[in-house]
Amino acid sequence: NFYLPAIEFTDKELGALRTSLSLLDGEFAYAEPLRLGLLQLSWGKPSPLDAPEQRTAALAVTAGAGGRELSQRLSKIETAIFRRKTIVFDYYTLGRDSEERRKVDPYHLLFQGGQFYLVGHSHERDDIPVFRLSRIRGKVGYASKAEHDFQRPEEFDPREYANRADCQLGEPRGVAPICLSERVQSLVRRHIGPDVGKVVEEDVDGGVIFETPYGDARQLIAWVLGLGERARILEPGELAEQAQERVRLVAERHAE
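Here's a quick rundown of the structure. As the structure is a prediction and not an experimental result, all values here were calculated from the model.

A tally of regular secondary structure across the protein chain gives 7 helices and 9 strands. For the protein chain, buried positions account for 33% of its 256 residues. For the protein chain, the exposed area adds up to about 16500 Å²; of that, 51% sits on carbon and sulfur atoms.

Another aspect to go through is the nonpolar core. Core analysis: the largest hydrophobic core is formed by 19 residues, its most contacted members being I178, L180, L220, I233 and L239. At the level of elements, β6 (174-181), α5 (182-191), β8 (207-214), α6 (217-226), β9 (231-233) and α7 (237-253) are the ones that each hand at least two residues to this core. Looking at which element gives the most residues to this core, the answer is α6, with 4 residues. With sequence-adjacent residues up to four places away left out, L220 is seen in contact with C167, A176, I178, T212, Y214 and L239. Within the second largest apolar cluster, 13 residues are counted, among which are L70, A80, F89 and Y91.

Across all of its chains, the model carries 8 salt bridges by this definition. A salt bridge links D149 to K85, with the nearest nitrogen and oxygen atoms 3.6 Å apart. With D149 in the loop between β5 (136-142) and α4 (159-162) and K85 in the loop between α3 (67-83) and β1 (87-93), this residue pair connects regions lying 64 residues apart in the sequence. Since its relative accessible area comes to 28%, D149 is described here as partly exposed. R159 serves as the salt-bridge partner of D157, at 3.1 Å between the closest nitrogen and oxygen. Exposure remark for D157: the relative accessible area of 23% places this residue in the partly exposed category. For R159, a relative accessible area of 63% translates into the label exposed. Each of E245, R248 and E252 takes part in one network of salt bridges that share partners.

Let us now look at unusual backbone geometry. A negative phi angle characterises most non-glycine residues, just as the trans form characterises most peptide bonds. Between E235 and P236 the backbone carries a cis peptide bond, its omega angle lying at -10°. Tracing the backbone through its elements, the reader meets P236 in the loop between β9 and α7. Within the chain, R84 stands out as a residue other than glycine whose phi angle is a positive 60°. Positive phi values are uncommon outside glycine, yet D126 reaches one of about 55°. Structurally, D126 is set in the loop between β3 (115-122) and β4 (130-132). Judged by relative accessible area, which is 62%, D126 ranks as exposed.

Think of an α-helix as turning once every 3.6 residues; residues three or four places apart then point the same way. Looking only at α6, the buried set comprises A217, L220, I221 and V224. Buried residues along α6 cover an arc of 95° about the axis, so they all sit on one side. Opposite the packed face of α6, turned more than 90 degrees from it, sit the exposed residues R218 and G226. Packing partners of the buried residues in α6 comprise β6, β8, β9 and α7.

Our focus in this paragraph is a nonpolar patch on the surface. A contiguous nonpolar surface patch, about 350 Å² in accessible area, is contributed by L36, L39 and W43. Here L39 lies in helix α2 (residues 31-41).

What follows is about the pairing of strand β2 (residues 98-112). Across a regular strand the side chains alternate sides, sitting on one face of the sheet and then on the other. In this sheet, β2 lies alongside β1 in antiparallel orientation, the contact comprising 7 bridges. Along β2, the bridge assignment pairs V88 with K103. Looking at chain direction, β2 and β3 are connected through 8 bridges and run antiparallel. When the bridges of β3 are listed, P106 appears paired with G120. Counting the residues between successive antiparallel strands, the hairpin from β2 to β3 contains 2 residues, one of them, G113, with a positive phi of roughly 60°.

Spatially, the 5 strands line up as an open sheet ordered β4-β3-β2-β1-β5, and their pairing is antiparallel. The open sheet has two free edges, formed respectively by β4 and β5, since each of these has just one partner strand. Geometrically, the sheet is characterised by an average inter-axis angle of 50° between neighbouring strands, direction not taken into account.

The rules we used
Residue positions are given per chain, counting from 1 as you read along its sequence in written order. Where totals are concerned, whole chains, interfaces and linings use all residues; where local detail is concerned, this predicted model gives features only for residues with pLDDT of at least 70, and gives and counts side-chain atom pairs only at 80 or more. Processing note: side-chain calculations cover all non-hydrogen atoms of the structure and skip hydrogens and water entirely. Helix numbering and strand numbering both begin at the N terminus, where a helix is a DSSP run of H or I of at least 4 residues and a strand a DSSP run of E of at least 2. Partly exposed describes any residue whose relative accessible area lies between the buried limit of under 20% and the exposed limit of over 50%, with all areas from a 1.4 Å probe on protein chains only and scaled to the type maximum. Shrake-Rupley sampling with a 1.4 Å probe provides the accessible areas, and residues are treated as covered by the protein chains on show and by no other component. Nonpolar cores are built from buried Ala, Val, Leu, Ile, Met, Phe, Trp, Tyr and Cys residues. Side-chain atoms within 4.5 Å join them into one set. Any two residues having at least one pair of non-hydrogen atoms within 4.5 Å are treated as being in contact. Each salt bridge in this description consists of a side-chain nitrogen of Lys or Arg and a carboxyl oxygen of Asp or Glu lying within 4 Å of one another. Summarising the geometry, the arc corresponds to the directions from the helix axis toward the C-beta atoms. Here, patches come from residues exposed beyond 30% relative accessible area and free of salt bridges, joined within 9 Å for like charges and within 5 Å for nonpolar side chains (Val, Leu, Ile, Met, Phe, Trp, Tyr). Pairing between two strands is assigned when DSSP locates at least 2 bridges connecting them. For helices, the fitted line uses only the C-alpha atoms of the stretch in contact; every axis is such a line through C-alpha atoms, and the angle between N-to-C directions lies from 0 to 180 degrees.

Read these as layout, nothing more, since geometry by itself doesn't imply function.
Structure (structure tokens):
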């Protein structure tokens, strides 16, 4: 017979928690259980935000976690992962500029670069691609009424996806060789792991040729442009042209 010590929040802590949850309400998959948990923790204590001295200013900020629709998808997919249920949804493919029906065995949810991603077995491709949740259109549904639809393979390791760069999340589109100058090659080697890319040629114009697989062309171009004149996409030609066009647009829109 023992009791844990009571949790005592200061008025500042209670105010911060209540403010955070009011911002996330309806915009976050776990807002409801967090709100109920806070009610239990703060039971019997009035909200400091309701005090007269705190009512002179109104809070006019909303969360940007993806909205109610994304919250519903997250909840459905998480339940499907736990119950091992195959799901179906319409997915917008950026490369083909089209919406296609997908049937997926969901294995893992990943949050990276401010985006949620689903890792799972695609029935159409018989592969394990990565789907960006913001590109799912409409509702996510179950493929059958069975209690369980699949077993996640024992060899599947979600930690492999945690080491990928943002540009590698999504359907694989190819491998891009990038020319890196001497000044940034050591930085790239130190901060990017072996799963992201590798140096395939040394001493090229005072730098190296670095190859990396990519799934999101926009993310890859953004990363390269972030390195300035010290990095340049060599191939494929379409990707290099897109990078040059982005530079031209930036220069044009900031000319004034």
